[in-house]
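This is what each chain is made of:
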Amino acid sequence: TGLSSGTTYYYRVYAFNAAGDSAYAEDDAMTFSPPYVPSNPTPADGATGVSITTDLSWTGGDPDAGDTVTYDVYFGTTNPPTTLLCNDVSSPSCDPGTLAYDTDYYWYVVATDNHGDSATGSTWDFTTELEPNNPPYTPSSPAPADGATDVSITTGLSWTGGDPDTGDTVIYDV
């Protein structure tokens, strides 16, 4: 604790036995490195047609054996993203929840090791899939009814129709 990244520290280990004899190893050096810069995003940078239920993942880690790394994920629809979506997660993945259709998203990851050193990845982006379009309902319940007889020659034609997708306009050919 209290050591700085990129600084070389020298140390010597002394060993003593019960008789008071001592021995020491030659001077050794150790350097602490920052975590790896987050890379290899999933979804891939620039991907299109991404599922609205996708999870975010990346490659991370630390070159120093025994160091632990946590990740902060910033996410949003503006570049650069400012919303902290996942905070201090220990695995290189994050669930953004259900996303909007046909939307551009931006995200980046900050990796921090147990010495307080950090590395920030590039800002990545992807676009979600288009909202599925369902066919209109099959016209039904005609008036006059199918097979009706003695129908007036001035009777209008009508039926039940519509579309399951809110906002879709349906036109009919008769």
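Cut-offs applied
- Per chain, residues are indexed from 1 in the order of the written sequence.
- pLDDT decides what is reported in this predicted model: residues at 70 or higher carry local features, side-chain atom pairs at 80 or more are listed and counted, and totals for whole chains, interfaces and linings draw on all residues regardless.
- In computing side-chain properties, one takes all heavy atoms of the structure into account and sets aside hydrogens as well as water.
- Only residues whose relative accessible area exceeds 30% and that form no salt bridge enter a patch; like-charged residues are grouped when within 9 Å of one another, and nonpolar side chains (Val, Leu, Ile, Met, Phe, Trp, Tyr) when within 5 Å.
- Each accessible area is a Shrake-Rupley estimate made with a 1.4 Å probe; only the visible protein chains count as cover when residues are assessed.
- Salt bridge criterion: a side-chain nitrogen from Lys or Arg within 4 Å of a carboxyl oxygen from Asp or Glu.
- The helix count covers DSSP runs of H or I at least four residues long, the strand count covers runs of E at least two residues long, and both are numbered beginning at the N terminus.
- Relative accessibility thresholds used throughout: buried, under 20% of the residue-type maximum; exposed, over 50%; partly exposed, between the two (1.4 Å probe, protein chains only).
- Residue contacts are defined here by distance: any two heavy atoms, one from each residue, within 4.5 Å place the two residues in contact.
- Cysteine sulfur atoms that pair up within 2.5 Å are treated as a disulfide.
- By nonpolar core is meant a set of buried Ala, Val, Leu, Ile, Met, Phe, Trp, Tyr and Cys residues that side-chain atoms within 4.5 Å join together.
- Side-chain rings of Phe, Tyr and Trp, where Trp is taken by its six-membered ring, are said to pair if the distance between their centres is within 6.5 Å; with planes under 30 degrees apart they count as stacked, over 60 as edge-to-face, and otherwise as tilted.

## Re a nonpolar patch on the surface
Consideration 1: A cluster of nonpolar side chains, namely Leu157, Trp159, Tyr172 and Val174, defines an oily patch on the protein surface of about 440 Å² accessible area.
Consideration 2: Examined against the element boundaries, leucine 157 turns out to sit in the loop between β14 (140–143) and β15 (158–160).
Consideration 3: Leucine 157 gets classed as exposed once you look at its relative accessible area, which sits at 59%.

## Here we look at the environment of tyrosine 36
Consideration 1: Along the chain, tyrosine 36 falls in the loop between β4 (28–31) and β5 (39–42).
Consideration 2: With a relative accessible area of 45%, tyrosine 36 lands in the partly exposed category.
Consideration 3: Sequence separation of tyrosine 36 and aspartate 64 is 28 residues, and the distance between their C-alpha atoms is 9.8 Å.
Consideration 4: Residue contacts for tyrosine 36: discarding those within four places in its chain leaves Gly60, Gly61, Asp62, Pro63, Ala111 and Ala119.

## Some remarks on the state of the cysteines
Consideration 1: In this structure the tally under the stated criterion is one disulfide.
Consideration 2: A sulfur-sulfur separation of 1.9 Å characterises the disulfide bridge that pairs cysteine 86 with cysteine 94. Disulfide cysteine 86 to cysteine 94: torsion about the S-S bond roughly 75°, handedness right-handed. When sorted by exposure, cysteine 86 lands in the same class as cysteine 94, which is buried.

## Description of the nonpolar core
Consideration 1: In this structure, Leu56, Trp58, Val73, Phe75, Trp107, Val109 and Phe126 are the most contacted members of the largest nonpolar core, which totals 18 residues.
Consideration 2: Listed by contribution, the elements that provide at least two residues to this core are β6 (47–50), β7 (56–59), β8 (69–76), β11 (104–113) and β13 (124–128).

## A closer look at the packing of aromatic side chains
Consideration 1: Following the criterion strictly, the structure yields eight aromatic pairs and no others.
Consideration 2: Aromatic pair tyrosine 74 and tyrosine 108: ring centres 5.0 Å apart, planes at 15°, arrangement stacked. Residue tyrosine 74 is located in strand β8, and its partner tyrosine 108 is located in strand β11; the two are separated by 34 residues in the primary sequence.
Consideration 3: Judged by relative accessible area, which is 21%, tyrosine 74 ranks as partly exposed.
Consideration 4: When its relative accessible area of 18% is taken as the criterion, tyrosine 108 is described as buried.

Shape is all these values report; function is a separate question.
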